[in-house]
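# Summary of structural features
Chain by chain, the residues run as shown.
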Amino acid sequence: QKDSLPPSIYEQEFEAKWSKFTGAKYSIAVTSCTTALHLSLVALGIGPNDEVIVPAFTWISSANVVEHVNAKVVFCDIDIENFNIDVKKIESKITSKTKAIIPVHLFGLAADMISIKLIAKKYNLKIIEDAACGFGSRYSEQHVGTFGDTGCFSFHPRKAITTGEGGMITTNNTALAEKLRCLRDHGAAMSDLQRHMGAKPYLLADHPEAGFNQRMTDIQAAIGSAQMNRAKDIVSERQKLADRYDKEFKDIKWIQTPSISHNYEHGYQSYPCLFLPERVKSALKKL
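Residues numbered from 1 in each chain as written. Predicted model: local features only at pLDDT ≥ 70, side-chain atom pairs only at ≥ 80, totals over all residues. Heavy atoms only, no water.

## Considering the sheet that holds strand β8 (residues 138–139)
The cut-off we apply is this: Any two strands are treated as partners once DSSP identifies two or more bridges connecting them. The way it works is that DSSP assigns letters per residue, a run of H or I at least four long becomes a helix, a run of E at least two long becomes a strand, and they are numbered from the N terminus.
In space, the three strands of this open sheet follow the order β9-β8-β13, with antiparallel pairing throughout. This sheet does not close on itself; its edge strands, each paired only once, are β9 (142–143) and β13 (264–265). Bridge analysis of β8 against β13 gives two bridges, and the strand direction is antiparallel. Paired with Y139 across the two strands is Y264, which belongs to β13.

Right, dumping it as structure tokens:
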């Protein structure tokens, strides 16, 4: 029975379901998307004197975490058509100190990750995807959070999948996943679950890293795991609602509805509309 299983079993269950849904090799549950971004920077060795490129239009955490590791935030403008980082302007922001890019999949639409990966490869930069709104978002049939070195997701109350507060890190790098698991748990060499299931559960783990207390609780993980059983239905329902909005708003010239191009699948964390006052003025003049 699950009631008799050792601590952290729901965390493992939630992580496994998240990996299956996104296609990521590893998923690491943490306390928030902010935590996920911060841990990613630390695990990738980003620190003082380094520069990190961040979209100029995003939630404050995307920039704050760079400050937290004493690196410098370099803002790059967005493409107003999709609210994501303008890939044509990224290279102009790169210097000899640039070490990483944090593309944000804002409102549930993927950033142009193919172009971003080409730029990152050219300049040997790390990619940390801020996929706080990225649940159900895909680009060329690949789920966001699986393009870069890490992907960072949010389970804040406003998100489509919520654990009250919480986050998830995805990565396909085995060594990086191990380091992230270590850092989230006070820098411990093994988790409490591993220790309790081992031959000497009374011995504390070694702590080779100066880590953090950023583990997700099992209560949160149980809530998230239950929702993952209907993950596809949750995304589908949001897409159906967005399609209905598209049809109802299509003849309103002064509203620009969310843009979506070929090869993109919008997760619709939000349905952002752009108000175009100049079109209102133009219409009034014709009356």
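## Section: the nonpolar core
Selection rule: Remark: nonpolar core denotes a set of buried residues (Ala, Val, Leu, Ile, Met, Phe, Trp, Tyr, Cys) joined through side-chain atoms within 4.5 Å. Relative accessible area decides the class of each residue, using a 1.4 Å probe on protein chains only: under 20% of the type maximum gives buried, over 50% gives exposed, and in between gives partly exposed. Residues are treated as being in contact if the distance between any of their heavy atoms lies within 4.5 Å.
Core analysis: the biggest nonpolar cluster contains 37 residues, and F14, W18, I53, I90, I116, F135 and M228 have the highest contact counts within it. Broken down by secondary-structure element, the contributors of at least two residues to this core are α1 (9–22), β3 (72–76), α4 (113–123), α7 (218–228) and α8 (231–249). The element contributing the most residues to this core is α4, with four residues. If we ignore the near neighbours within four places in the chain, the residues touching F135 are W18, F21, H143, F153, A160, I161, M228, A231, I234, V235 and G267. Among the nonpolar cores identified, the runner-up in size contains 29 residues, and I46, C152, A177 and L180 belong to it.

## Side note on α7
Condition: Working note: the arc is built from the helix axis to C-beta atom directions.
Where α7 is concerned, the buried positions are Q220, A221, G224, S225, Q227 and M228. Buried residues of α7, viewed axially, fall in a sector of 160 degrees; they line one side. At its buried positions, α7 is contacted by α1 and α8.

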